[in-house]
Amino acid sequence: MRNLVLLPGFMLNEHLWDDMRDDLATLGSLTFGDIGQDIGIQAMADAVLRQAPERFVLLGFSMGGFVAQAVALKAPERVQALALLNTSSRAQTERESLGTRAQIELAQRTPFKGLTSRALASSVHPSLSTDRVLLDRLQAMALANGKEVFLRQLQTLRDSNSEDLQQLRCPVLIVASDQDRLRSVEESEEMAQRIAQARLEIIRDCGHMTPMEKPRELFTLIADWIAQSGH
């Protein structure tokens with residue numbers, strides 16, 4: 001039986017995959033990793049490895065993609081294949097760090113009411129930025145995670161691991177979206193150039209939240225890649 005481990009992004013949870021869950025279950029047994037209980041990419045990766053089956057195909061979305069890279073580098077003998085969805089290997093910029101510190105200071109002294117309308121809107125295709133049903137689903141995940149997860153994930157600073165990606169020997173699928181305002185196609189291209197067995201796919205007319213915006217298209221890519229990789 002094939003095992004799939006799925007990692008969500010910032011302030012998301014297993015409901016990120018709801019529109020794909022039934023289809024993904026046809027590919028193998030699903031484990032939904034939790035990246036909300038630790039501070040730091042390496043600590044999150046250790047937690048995923050404790051939760052995961054002995055051998056597995058790993059799918060990481062956005063922040064979960066950073067964690068997935070760390071998992072695959074820590075335990076290459078356990079990760080059979082790796083899918084990096086709407087993510088990057090770039091280090092956090094100074095501008096991002098300044099913004100994060102300001103968010104942490106504000107969050108520590110105020111009640112948590114979820115993500116801002118601006119943050120939610122920027123995470124989807126511009127045509128979906130007023131889609132109340134989709135935005136409410138995203139907000140529900142953020143509220144379910146709550147303030148403590150928000151603070152832990154904000155404190156998780158990203159270092160670049162782009163040089164280390166050359167060490168990966170398993171099949172790697174990299175997926176980008178052409179209208180992603182949080183992670184650029186260029187960042188995905190950079191990762192693909194560094195990984196020997198990388199396959200890069202770009203989903204058109206899609207924002208950052210690919211598993212919710214284009215679930216069927218994303219599933220088709222994943223299923224085809226798994227079939228071709230032989231895992």
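Above this text is the structure in question.
Parameters and conventions
Numbers given to residues run from 1 along each chain, matching the order in which its sequence is written. Totals for whole chains, interfaces and linings use every residue, but because this is a predicted model, local features are given only for residues with pLDDT of at least 70 and side-chain atom pairs only at 80 or more, for both listing and counting. Only hydrogens and water are set aside when side-chain values are computed; all heavy atoms of the structure are taken into account. The helix and strand labels rest on DSSP assignments: H or I over at least four residues marks a helix, E over at least two residues marks a strand, and numbering proceeds from the N terminus. The globule rule used here is 2.2 Å times the number of residues to the 0.38 power, and the radius of gyration it is set against is calculated over C-alpha atoms. For the exposure calls, accessible area comes from a 1.4 Å probe over protein chains only, and a residue counts as buried if that area is under 20% of its type's maximum, exposed if over 50%, partly exposed in between. Only heavy atoms enter the contact rule, under which two residues are in contact if any of them lie within 4.5 Å. Cavities and pockets were defined on a 1 Å grid built from protein atoms only: a cavity is a group of points that admits a 1.4 Å probe but offers it no way out, a pocket is an open group of points flanked by protein on both sides within 12 Å along at least five of seven lines, and a lining residue is one with an atom within 4 Å of any such point. Grid points are joined across faces, edges and corners, and a volume is the space filled by probe spheres set on the points. Residues are grouped as follows: Ala, Val, Leu, Ile, Met, Phe, Trp, Tyr, Cys and Pro are nonpolar; Asp, Glu, Lys and Arg are charged; all remaining types, including Gly, are polar. The rule for a salt bridge is simple: a side-chain nitrogen of Lys or Arg has to be within 4 Å of a carboxyl oxygen of Asp or Glu.

1. With respect to the overall build of the protein
Piece 1. For the protein, the count of helices and strands is 9 helices and 6 strands.
Piece 2. Here the C-alpha atoms of the protein give a radius of gyration of 16 Å, agreeing with the 17 Å that 2.2 N^0.38 yields for 231 residues.
Piece 3. With the C-alpha coordinates aligned to their principal axes, the bounding extent of the protein is approximately 50 × 35 × 30 Å.
Piece 4. In the protein, buried positions account for 53% of the 231 residues.
Piece 5. A separation of at least 24 residues holds for 76% of the contacts in the protein among residues at least 6 apart in sequence.

2. Examining the layout of surface pockets
Once rolled over the atoms, a probe with the size of a water molecule shows which space is left empty.
Piece 1. Approximately 1,200 Å³ is the volume attributed to the largest pocket.
Piece 2. Around the largest pocket, the lining is made up of 38 residues, and of these F10, Q103, A119, L154 and L182 lie nearest the centre.
Piece 3. Among the elements of the structure, α3 (63-74), α4 (94-109), α5 (117-122) and α6 (132-154) are those that each provide at least two residues to the lining of the largest pocket.
Piece 4. Looking at the lining of the largest pocket element by element, the count peaks at 7 residues for α4.
Piece 5. Taken together, the residues of the lining of the largest pocket sort by class into 17 nonpolar, 14 polar and 7 charged.

3. Some thoughts on the pattern of salt bridges
Piece 1. Summed over all chains, the structure comprises 11 salt bridges.
Piece 2. Salt-bridge contacts for R216 lead to D23; the nearest nitrogen and oxygen are separated by 2.5 Å. One end of the pair, R216, is in helix α9 (residues 215-229); the other, D23, is in helix α1 (residues 21-25), and 193 residues separate them in sequence.
Piece 3. A relative accessible area of 21% means that D23 is categorised as partly exposed.
Piece 4. The structure contains a network of salt bridges with shared partners spanning E14, D18 and R21.

4. A few points about unusual backbone geometry
Piece 1. At S62, a position not held by glycine, the phi torsion is positive, near 55°.
Piece 2. Structurally, S62 can be placed in the loop between β3 (56-61) and α3.
Piece 3. On the basis of relative accessible area, S62 is assigned to the buried category, the value being 13%.
Piece 4. The backbone of N86 shows a phi angle near 50°, a positive value even though the residue is not glycine.
Piece 5. Among the structural elements, N86 can be located in the loop between β4 (79-85) and α4.
Piece 6. Its relative accessible area of 1% is what places N86 among the buried residues.

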